[in-house]
Amino acid sequence: MDTILTGLTGYLKEQGTAMHDALRRLVLIPSGTYNKAGVDAVCREVHALLDGLPLERRILPQEQYGDMLIASVPPANRTPRILLVGHMDTIFPADSPFRGWREDEENYYGPGVVDMKGGIVAGIFALKALAALGLLRDLPVTWVFNSEEEIGSPVSRTLFAAEAKQSVMAFVLEPGGSRGEVTTGRKGRLGMKIFARGVAGHAAQVVEGKKSAILDLARVIVELEGLNGTYPGVSVSVGLMAGGITSNSVPDAAWATIDVRSTDTEGFAYFRSRLDELLERRTREGMELAGEAVTEVPVMEATEANKTLFAIVAREAQRLGIPAVEQFRAGASDANVIAAAGTPVVDGLGPLGGHGHSDREYLIRESLVQRSALLALSLLAAWRRYEAGTLFAEFNPSRTVDTRIG
């Protein structure tokens, strides 16, 4: 076992209590995406956790969502750089009944504990460990802490695309699953909204010729859900629908949201063609329908460059005696946008756990320190390989960025 590995793991084991306390403080702050005050409080806490590190810190105030934070090893304009990513928001609104902190001998529990406040803590203490050994100043790291990832990063997407263009590699600290998964590819996501128009009337009087927006929309929903299994790698889910004004009135308006995932751009093209055909056919039958795209996240392909980064992570995991399993994930993250810029990226480097986005969310206690050590060693190993010219063949800072689907 070499001196760097010994020093990093020894430091992090000594920081176990501090990591526990930092995670608990973050989890106890409700920070659903639309809870600006809560996300702002997390941002301030993260800013304080970075005290003492050789980082330039800059808070980016936001009006609609929580403030964001960028922390960089100076000089911040040095390129190429290493991009780190961690979001501060959760899916749980301010009034969610799932709140607080609980722990037992094996796990920590709470909203956002693994998705992804655990990743934030693991990442910050990885930088602290590198700094303690005098190694951080030589790593040109930029970390973007964004505040609206859970709704598709509508503001920070542009920021990630710009930072990715200046970075030769990226590491995203989403949770690592329960078996040590590290993500080299992700499906893309298309979010759509379908609108239906009907003719209002009294429910007791309108029988023949009733034109109900909800009934028309329901027929469309059944067809949309029927697209599942008709094209490899494509999933379709209608997650929300609403319409009408009272129970005794025929609804004249209704809407539904559609979540479409695909492993490639051809899958999205297939879905769009089928949706267009469906809307045209139903319109000819007398329905009034319209659709619009509201969210588009590009596919993160499992490129050879991503796999090269994973190989480094896997090797460092082996040295630590912990698992690292390559995975292609169905869900999207900010890694998708980074990949669209052409930057090699691996995701899922946060602590292990499960049941994210539910009131059973948990983080495996021992993985907090383990994944922190893994990130620190992986950053160091990857950068040394890059400096030696053995990581990637070239870095092209003039890459164009395409964040469209299809």
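Residues numbered from 1 in each chain as written. Predicted model: local features only at pLDDT ≥ 70, side-chain atom pairs only at ≥ 80, totals over all residues. Heavy atoms only, no water.

### With respect to the side chain of Glu45
Consideration 1: Take Glu45: it is sitting in helix α3 (residues 36–49).
Consideration 2: At 2.8 Å, the side chain of Glu45 and the side chain of Arg25 are in polar contact.
Consideration 3: Ignoring sequence-local partners within four residues, the contact set of Glu45 consists of Arg25, Leu26 and Ile29. (Helix = DSSP H or I, 4+ residues; strand = E, 2+ residues; numbered from the N terminus. Polar contact = N/O pair within 3.5 Å; in protein donor to acceptor, adjacent residues only side chain to side chain. Contact = heavy atoms within 4.5 Å.)

### Quick word on the packing of aromatic side chains
Consideration 1: Enumeration according to the criterion identifies 6 aromatic pairs in this entry.
Consideration 2: Residues Phe92 and Phe98 carry aromatic rings whose centres are separated by 5.1 Å and whose planes lie at 70° to one another, so their mutual orientation is edge-to-face.
Consideration 3: Against the face of Phe125 rests Lys128, its NZ or CZ located 5.6 Å from the ring centre.
Consideration 4: The aromatic ring of Trp255 is capped on one face by Lys193, whose charged end is 4.3 Å from the ring centroid. (Phe/Tyr/Trp six-rings, centres within 6.5 Å; stacked < 30°, edge-to-face > 60°. Lys NZ or Arg CZ within 6 Å of the ring centre and 35° of its normal.)

### Focus on helix α10 (residues 365–387)
Consideration 1: In this model, α10 (23 residues) spans 35 Å end to end at C-alpha, consistent with the 33 Å of a helix rising 1.5 Å per residue.
Consideration 2: Within two residues after α10, Gly389 carries a phi angle of roughly 80°, on the positive side. (Expected span 1.5 Å × (residues − 1).)

### Quick word on the environment of Glu105
Consideration 1: When you line up the elements, Glu105 lands in the loop between β4 (102–103) and β5 (107–109).
Consideration 2: Classification of Glu105 as exposed rests on a relative accessible area of 79%. (Buried < 20%, exposed > 50% of the residue type's maximum accessible area, 1.4 Å probe, protein only.)

### A closer look at the environment of Gly226
Consideration 1: Positionally, Gly226 belongs in the loop between α6 (213–225) and β11 (235–243).
Consideration 2: Between the C-alpha atom of Gly226 and that of Val236, which follows or precedes it by 10 residues, the distance is 8.4 Å.

### Here's the deal with the nonpolar core
Nonpolar side chains in soluble globular proteins tend to be buried together.
Consideration 1: Counting 71 residues, the largest nonpolar core has Val46, Phe145, Met169 and Phe171 as the members making the most contacts within it.
Consideration 2: In terms of residue count, helix α4 (residues 113–132) provides more of this core than any other element does, 12 residues in total. (Core = buried A, V, L, I, M, F, W, Y, C linked by side-chain atoms within 4.5 Å.)

### With respect to the confidence of the model for the protein chain
Consideration 1: In this model, the protein chain carries a mean pLDDT of 94, and residues with pLDDT of at least 70 account for 96%.
Consideration 2: Note that residues 394–406 has pLDDT below 50 and, in this model, 33 contacts with residues that lie over four places away or in other chains. (pLDDT = per-residue confidence, 0-100.)

### Some details on the sheet that holds strand β9 (residues 188–197)
Note: strands within a sheet are paired through backbone hydrogen bonds, in either parallel or antiparallel orientation.
Consideration 1: Taken in spatial order, the 4 strands line up as β11-β13-β9-β14 in an open sheet, and their pairing is antiparallel. This sheet does not close on itself; its edge strands, each paired only once, are β11 and β14 (288–297). Mean inter-strand twist for the sheet, computed between neighbouring axes without regard to direction, equals 20°.
Consideration 2: Taken strand by strand, α6 contacts β9, β11, β13 (253–262) and β14, and its axis lies near 170° from that of β11.
Consideration 3: Sheet contacts for helix α7 (residues 265–284): β9, β11, β13 and β14; angle to β9, the most-contacted strand, approximately 5°. (Pairing = 2+ DSSP bridges. Axes fitted to C-alpha atoms, helices over the stretch in contact; angles between N-to-C directions.)

### Some points on the pattern of salt bridges
Consideration 1: Using the criterion set out here, one finds 19 salt bridges in the structure.
Consideration 2: The closest approach of N and O atoms between Glu181 and Arg179, which form a salt bridge, is 3.3 Å.
Consideration 3: Assessed through its relative accessible area of 6%, Glu181 is described here as buried.
Consideration 4: Of the charged contacts in the structure, one is a salt bridge between Asp216 and Lys211, with a shortest N-O distance of 3.6 Å. For the pair Asp216 and Lys211, a shared accessibility class is recorded, and that class is buried.
Consideration 5: Connected via shared salt-bridge partners are Glu223, Glu277, Arg281, Arg282 and Glu285. (Salt bridge = Lys/Arg side-chain N within 4 Å of Asp/Glu carboxyl O.)

### Things to note about the environment of Ala22
Consideration 1: With respect to the element layout, Ala22 can be found in helix α2 (residues 16–27).
Consideration 2: In this structure the C-alpha to C-alpha distance between Ala22 and Gly118, which are 96 residues apart in sequence, comes to 9.3 Å.
Consideration 3: Apart from residues lying up to four places away in sequence, Ala22 is in contact with Leu49, Val121 and Phe125.

### Describing the pairing of strand β2 (residues 68–72)
Consideration 1: With respect to burial, β2 is a largely interior element, 5 of its 5 residues being buried.
Consideration 2: Pairing of strand β1 (residues 56–60) with β2, which is carried by 5 bridges, proceeds in the antiparallel orientation. In the sheet register, Arg57 faces β2, and the bridge partner there is Ala71.
Consideration 3: For β2 and strand β6 (residues 141–146), the ladder comprises 4 bridges, and the chain directions are antiparallel. Along β6, the bridge assignment pairs Ala71 with Trp143.

### Some remarks on the sheet that holds strand β17 (residues 353–354)
Consideration 1: Read from one edge to the other, the open sheet built from 4 strands follows the order β4-β5-β18-β17, with strand pairing classed as antiparallel. Because the sheet does not close on itself, it has two edges, and the strands there are β4 and β17.
Consideration 2: Taken together, the 3 bridges between β5 and strand β18 (residues 362–364) define a ladder with antiparallel strand orientation. Considered in β18, the bridge of Asn107 is made with Ile364.
Consideration 3: Running over the sheet, α4 touches β5, β17 and β18 and is turned about 45° from β18.

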